[in-house]
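# A look at the structure
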Amino acid sequence: MKIIYMGTPDFAVPALKKLADSTHEVVAVFTQPDKPKGRKMILTPSDVKVCAQELNIPVYQPDTFKDGKAFEIIESYAPDVIVVAAYGKILPKSVLEAPKYGCVNIHGSLLPKYRGAAPIQQAVLNGDKITGVTTMLMDAGIDTGDILMTAQTEIGINETSGELFDRLSILGGDLILETLTSLENETITLQKQDESKSSHTSKIDKSCCPIDFSKPACEVHNQIRGLNPWPVATTEIANRNVKIFSSRLCEKCGKAGTILSIKPFIVACGDRSVEITEVQPEGKKRMTAAAFTAGHKLDIGELIGKSQKNI
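We now turn to the structure provided with this report. Sequence order sets the numbering: in each chain, residues are counted from 1 along the sequence as written. Reporting of local features is limited, given that this is a predicted model, to residues whose pLDDT is at least 70; pairs of side-chain atoms are given and counted only at 80 or more, and all residues count toward the totals for whole chains, interfaces and linings. To get the side-chain values, all heavy atoms of the structure are used, and hydrogens and water are removed first.

## Re the overall build of the chain
When helices and strands are counted, the chain shows eight helices and 17 strands. The cut-offs for exposure are 20% and 50% of the maximum accessible area for each residue type, with area from a 1.4 Å probe on protein chains only; residues under the lower value are buried, those over the upper are exposed, and the others partly exposed. In the chain, buried positions account for 49% of the 311 residues. Looking at the chain alone, contacts between residues at least 24 apart form 65% of all its contacts between residues at least 6 apart. Roughly 15,400 Å² of accessible area belongs to the chain as shown, and the carbon and sulfur atoms make up 51% of that amount. Positive: Lys, Arg. Negative: Asp, Glu. His and the chain ends are not part of the count. We put the charge of a Lys on NZ, of an Arg on CZ, of an Asp on CG and of a Glu on CD. Charged side chains of the chain number 36 positive and 37 negative; the gap between the two group centres comes to 9 Å. Secondary structure elements are defined from DSSP: runs of H or I of at least 4 residues count as helices, runs of E of at least 2 residues count as strands, and each element is numbered from the N terminus. In this description, contact between two residues means that some pair of their heavy atoms is separated by no more than 4.5 Å. Using the Shrake-Rupley algorithm and a 1.4 Å probe, accessible areas are obtained, with residue cover drawn only from the displayed protein chains.

## Considerations on a negative patch on the surface
A cluster of acidic residues, Asp 10, Asp 47, Glu 163 and Asp 166, forms a negative patch on the protein surface. Relative to the assigned elements, Asp 47 resides in helix H2 (residues 47-54). Like-charged residues within 9 Å of one another, or nonpolar side chains (Val, Leu, Ile, Met, Phe, Trp, Tyr) within 5 Å, are grouped into patches, provided each residue has over 30% relative accessible area and no salt bridge. Salt bridges are identified by distance alone: a Lys or Arg side-chain nitrogen within 4 Å of an Asp or Glu carboxyl oxygen.

## Things to note about H2
For H2, every residue scored as buried is listed here: Val 48, Lys 49, Cys 51 and Ala 52. One side of H2 carries all its buried residues, which in axial view fall inside an arc of 165°. Buried residues in H2 make contact with strand E1 (2-7), helix H1 (13-20), strand E2 (25-30) and strand E5 (59-60). Each C-beta atom gives one direction from the helix axis, and the arc is the one those directions make.

## A look at the packing of aromatic side chains
Centres within 6.5 Å are what make two rings of Phe, Tyr or Trp a pair, Trp counting through its six-membered ring; a difference in plane orientation under 30 degrees is then read as stacked, over 60 as edge-to-face, and the rest as tilted. As enumerated under the stated definition, the model contains six aromatic pairs in all. Residues Phe 30 and Phe 65 carry aromatic rings whose centres are separated by 6.4 Å and whose planes lie at 25° to one another, so their mutual orientation is stacked. Note that Phe 30 is positioned in strand E2 and Phe 65 in the loop between E5 and helix H3 (69-77), a separation of 35 residues in sequence. Pair check on accessibility: Phe 30 and Phe 65 agree, each one buried. Aromatic rings pair up to connect Phe 30, Tyr 60, Phe 65, Tyr 77 and Tyr 87 into one cluster.

## Regarding the layout of surface pockets
In this analysis the probe radius is 1.4 Å and the grid spacing 1 Å, with only protein atoms considered; a cavity is a set of points the probe fits into but cannot get out of, a pocket is an open set with protein on both sides within 12 Å along at least five of seven lines, and lining residues have an atom within 4 Å of a point. Grid points are joined across faces, edges and corners, and a volume is the space filled by probe spheres set on the points. Estimates place the volume of the largest pocket at around 1,600 Å³. Along its surface, the largest pocket is lined by 49 residues, and Pro 9, Ala 86, Tyr 87, Gly 88 and Ala 117 are the ones closest to its centre. Within the residue set of the lining of the largest pocket, elements represented by two or more residues are strand E3 (35-37), strand E7 (103-107), helix H5 (119-125) and helix H6 (161-185). Broken down by element, the residue count for the lining of the largest pocket peaks at four residues, all from H6. In terms of lining, the second largest pocket is formed by 16 residues, of which the most central are Lys 206, Pro 231, Val 232, Thr 234 and Lys 243. Listing elements by their share of the lining of the second largest pocket, those giving two or more residues are strand E13 (240-250) and strand E16 (273-281). Among the elements that take part in the lining of the second largest pocket, E13 stands out by supplying three residues, more than any other. Think of it as three bins: nonpolar holds Ala, Val, Leu, Ile, Met, Phe, Trp, Tyr, Cys and Pro, charged holds Asp, Glu, Lys and Arg, and polar takes everything else, Gly as well. Split into classes, the residues belonging to the lining of the second largest pocket amount to eight nonpolar, four polar and four charged.

## A few points about unusual backbone geometry
Residue Pro 229 is reached from Asn 228 by a cis peptide bond, and omega for that bond is 20°. Here the bond from Lys 263 into Pro 264 is cis, since omega is 5°, no more than 30 degrees from zero. Of note, Pro 264 is situated in the loop between strand E14 (259-261) and strand E15 (266-268). Positive phi outside glycine occurs at Glu 186, with the angle close to 55°. As for its placement among the helices and strands, Glu 186 is situated in the loop between H6 and strand E11 (200-201). Of the residues examined, Glu 186 reaches a relative accessible area of 71% and is grouped as exposed.

## Considerations on the pairing of strand E12 (residues 233-237)
Burial along E12 is one-sided: the face carrying Ala 233, Thr 235 and Ile 237 is buried and the face carrying Thr 234 and Glu 236 is not. Paired strands are those between which DSSP finds at least two bridges. As judged from the five bridges shared by E12 and E13, these two strands associate in the antiparallel manner. Opposite Thr 234, over in E13, you have Lys 243 as the bridge partner. Linking E12 to E13, which pair antiparallel, is a turn of two residues; within it Ala 238 sits at a positive phi near 55°.

## Describing the pattern of salt bridges
Scanning the entire structure with this criterion turns up eleven salt bridges. The partner of Glu 195 in a salt bridge is Arg 115, and the shortest N-O contact between them spans 2.8 Å. With Glu 195 in the loop between H6 and E11 and Arg 115 in strand E8 (residues 115-116), the pair connects residues that are 80 residues apart, well separated along the chain.

## So, the environment of Gln 32
Counting through the fold element by element, Gln 32 comes out in the loop between E2 and E3. Once you skip the residues sitting within four places of it in the chain, Gln 32 turns out to touch Thr 8, Gln 61, Tyr 87, Gly 88 and Lys 89.

## Remarks on the sheet that holds strand E10 (residues 147-154)
Ordered by their spatial adjacency, seven strands build an open sheet running E5-E2-E1-E6-E7-E9-E10, and the pairing between neighbours is mixed. The open sheet is flanked by E5 and E10, the only strands paired with a single partner. Two strands pair when backbone bridges link them, and E1 and strand E6 (residues 81-85) are joined in this way by five bridges, in the parallel orientation. In the strand pairing of E6, Tyr 5 is matched with Val 83. Only the contacting stretch of a helix is used when fitting its axis, a line to C-alpha atoms as for every element, and angles between N-to-C directions run 0 to 180 degrees. Lying on the sheet, H6 is in contact with E1, E6, E7, strand E9 (130-137) and E10; it crosses E10 at an angle near 150°.

Structure below.
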């Protein structure tokens, strides 16, 4: 097949590499325009653009599809299929209908569950045990098109969103190859999404970060791993803002927000507790909890987080 590939973040890179290394031909890549990043706001290309340039595939970065210029480029390539993975732009009807086999999206959940912007993080935040990837035929809705194929995987009890993100990106690369083969051989059966089972996710932002230790330990643990690597869960320890990157569930009990142990660093929740294992104090580098507690005078029974305000 002659493929136009559309994607932007690192999630979309493994699929692009696998398609480029297959019997298919990736004739062009569309990705978001370069964006300023970091404190110095340096204009930075997307991960997909970097990959496409390494593969010597032509790259296009339209600001909009409304003026018809991007559509003209697509038409000039006469693609058999457009493969989309976390592109970040809404495709107009003209683009969706341009290829022979339509536009096929790689989505990081088992649709119709978790349509929208943050399906991988949401699965971890909700403590799901199973997730996966779906290939679907795109339509005018947001992740509402007919399902082509799915692949599922278990989520580890301590697995972070970042770790799951990496695994699903590879799974998606394998699945898109299988999907295109079935489409080409006409051996695939379209499956309508069950609207009664649908759910949506919104973008995750920093308002999700502060930890409330009065919640059950499993919710606190899921928040910590679900917000890793971004935007990262936070709390206050000794009146200092601290990012919390990882944790483990514990059976110890006590007043919510109370330090139950220093070595290991265990904090009580609404029920049970969590062992905090990796942190980053404000203005410092990321470190183990052991290194953090060794450098800070903390006492068993001391309150952290919102609980500090209630002393």
